Structures are given as structure tokens and as C-alpha cells.
Amino acid sequence: MINYWNKNRKNMDFWDIGLIKLCMVVLTLFVITIWSDAMNWVHSVNTWYFLIASIIIGARPFYRYYIK
């Protein structure tokens, strides 16, 4: 299974990865728009938690791309 993903990943370029990211953002916005409980949860969570989560999630790719 891992070999399948590694082989097909090599067929993707910069635009494909960017479009996947954009798709996830738009899908997230769609879900919180149609599901009122999700929107209420987003509004009830402290904004700084989302910032901290994004820093933690982005730390490894940032390190591997820019520092390593």
C-alpha cells in the first residue's frame, strides 16, 4: 500500500499539491456553513487555539523544507 502511494505521489507536481490544500480549505468552509453545530463550535473556541494548532501542524513541513 505504501509503495502505491509513493509511486503515485511522484506523478504530482506543485499545482496538484496546492489544489489539494485549497480543496480541503473549501470543503472545511462548506462543512461549517451547512452544519450549524460545527459553526457554533468554531465560534466558541478561542481563536488562539487555532493559531497554536496551525503552528504545531506546520512546524514539521517548515523544518523539512527550509531548514533540513
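### Considering the layout of surface pockets
And then number 1: Computed from the structure, the largest pocket encloses a volume of approximately 350 Å³.
And then number 2: Taken together, Phe14, Ile17, Gly18, Lys21, Ile57, Gly58, Pro61, Phe62, Arg64, Tyr65 and Tyr66 make up the lining of the largest pocket.
And then number 3: Of all the secondary-structure elements, those providing two or more residues to the lining of the largest pocket are α2 (14–34) and α4 (47–67).
And then number 4: Take the lining of the largest pocket: its biggest share by element is seven residues, from α4.
And then number 5: Broken down by class, the residue content of the lining of the largest pocket amounts to seven nonpolar, two polar and two charged.

Cut-offs and rules
- Residues numbered from 1 in each chain as written.
- Predicted model: local features only at pLDDT ≥ 70, side-chain atom pairs only at ≥ 80, totals over all residues.
- Heavy atoms only, no water.
- 1 Å grid on protein atoms, 1.4 Å probe; cavity = no way out; pocket = protein on both sides within 12 Å on 5 of 7 lines; lining within 4 Å.
- Points joined across faces, edges and corners; volume = space filled by probe spheres on them.
- Helix = DSSP H or I, 4+ residues; strand = E, 2+ residues; numbered from the N terminus.
- Nonpolar A, V, L, I, M, F, W, Y, C, P; charged D, E, K, R; others polar.

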